[in-house]
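# Report on the structure
What follows is the residue order along each chain.
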Amino acid sequence: MTQRNRLLMCPPHHFTVRYEINPWMNVQRKPDAVAAHDQWQQLVANLEPIADIVLCEPALDAPDIVFTANAGFVFDGRVVVSRFRHPERQTEEPHFADWFEDAGFALVDWPEDVRFEGAGDCLVDRGERRLWLGHGLRSDPRAGAALEAAFDVPVHTLTLVDPRYYHLDTCFCPLADGYTLFYPAAFSAESQMLIRSLIPASKRIEVSDSDAQAFACNAVGLGEHVFMNRSSKALRSTLGKLGFKVLESPVTEFLRAGGAVKCLSLNLDDPIV
Ligand code: ARG
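Each chain has its residues counted from 1, following the order in which its sequence is written. Local features in this predicted model are restricted to residues of pLDDT 70 or higher, and side-chain atom pairs are both shown and tallied only at a pLDDT of 80 or more, whereas totals for entire chains, interfaces and linings draw on every residue. The basis for every side-chain value is the complete set of heavy atoms in the structure, and neither hydrogens nor water enter the calculation.

### Digging into helix 3 (residues 92-102)
Here's how the labels work: a residue is buried when its accessible area is under 20% of the maximum for its type, exposed when over 50%, partly exposed in between, all with a 1.4 Å probe on protein chains only. Numbering of helices and strands runs from the N terminus, with a helix taken as a DSSP run of H or I at least four residues long and a strand as a DSSP run of E at least two residues long. Of all the positions in helix 3, only Glu 92, Glu 93, Phe 96, Ala 97, Trp 99 and Phe 100 are classed as buried. Looking down the long axis of helix 3, one finds its buried residues gathered within 165° of arc, a one-sided arrangement. The outward face of helix 3, more than 90 degrees from its buried face, is lined by the exposed residues Glu 101 and Asp 102. Following helix 3 by one or two positions, Gly 104 adopts a phi angle in the positive range, close to 90°. The arc under discussion is defined with respect to the helix axis, by the directions toward the C-beta atoms.

Written as structure tokens, this is what we have:
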């Protein structure tokens, strides 16, 4: 049995699309507030049997604060609070910093000019003691050295090349026992090679274009349970054969802002091997 993890989430009271900072966002196609609220509540209800949901306060001036994966990167009780690339999201930084401090996390010193979007771009491997960092669209590649220095853990840096997959957690997802979902076309050729050289073929799960577009890689893995917006039958069956249970929790209103299940939560107790 895996230990229960705490997931940080933020109610979508002020969630909307008011600016466009990724290709999914269109201010003319705003999410429906009631539907978004219902989907978010349903996600909480789906996750609650497996994890402890911890809430932070929404903020009027920060519609994307609902994407708590971007609050920061938590590793072993310490946190690097995000330094967002876009001014539109920089207003979230003090809210998250306050939340982490109040919750008793030690804040890691971080070089001021190094952009870093937290667990959106930095993921903990579950097969080996190492981190994966995505850069190219949001986080600065120099975040790799800063993370290695802060946590004394190897960091492998991957280059993102498709603006639709602007955060690593939109196209790459470490699961239990080192299994990893990923969408190859989101990465540079060198990064695809790096992934294939470091993760054995038996542990790699390549996701199709249509699953990637439905944010299948933006999944929350909690032991054998894998929560995602939507899965094709093929992906469900591949994961099923490996011992995983896929649970769909549609978050289509949040896809309008370019985020799904994983973006809507931050694992505060991500298992470290
Ligand atoms: N609209 C948000 C942005 O572009 C979505 C963030 C999604 N979060 C994530 N972890 N991928 O920043």
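### Details of the pairing of strand 4 (residues 78-81)
Regular strands place their side chains on alternate faces of the sheet. Two strands pair if DSSP finds at least two bridges between them. Looking at chain direction, strand 3 (residues 72-75) and strand 4 are connected through 4 bridges and run antiparallel. Paired with Phe 73 across the bridge in strand 4 is Val 80. Linking strand 3 to strand 4, which pair antiparallel, is a turn of 2 residues; within it Asp 76 sits at a positive phi near 55°. Two strands pair when backbone bridges link them, and strand 4 and strand 5 (residues 106-107) are joined in this way by 2 bridges, in the parallel orientation.

### Digging into unusual backbone geometry
With a phi close to 55°, Asp 76 is a non-glycine residue in the positive phi region. By the element assignment, Asp 76 lies in the loop between strand 3 and strand 4. Since its relative accessible area comes to 65%, Asp 76 is described here as exposed. Phi is positive for Asp 152, close to 55°, though the residue is something other than glycine. Tracing the backbone shows Asp 152 in the loop between helix 4 (143-151) and strand 8 (155-159).

### Here we look at the pattern of salt bridges
We define a salt bridge as a side-chain nitrogen of Lys or Arg found within 4 Å of a carboxyl oxygen belonging to Asp or Glu. One pass over the structure, following the stated rule, counts 16 salt bridges. Ionic pairing is found between Arg 4 and Asp 52, a salt bridge with its closest N-O pair at 2.8 Å. Note that Arg 4 is positioned in the segment before strand 1 (6-9) and Asp 52 in strand 2 (residues 52-55), a separation of 48 residues in sequence. Note on Arg 4: relative accessible area 42%, which makes it partly exposed. A salt bridge links Asp 125 to Arg 130; the nearest nitrogen and oxygen atoms lie 3.0 Å apart. Pair check on accessibility: Asp 125 and Arg 130 agree, each one buried.

No statement about biological role is implied by the geometric values presented.
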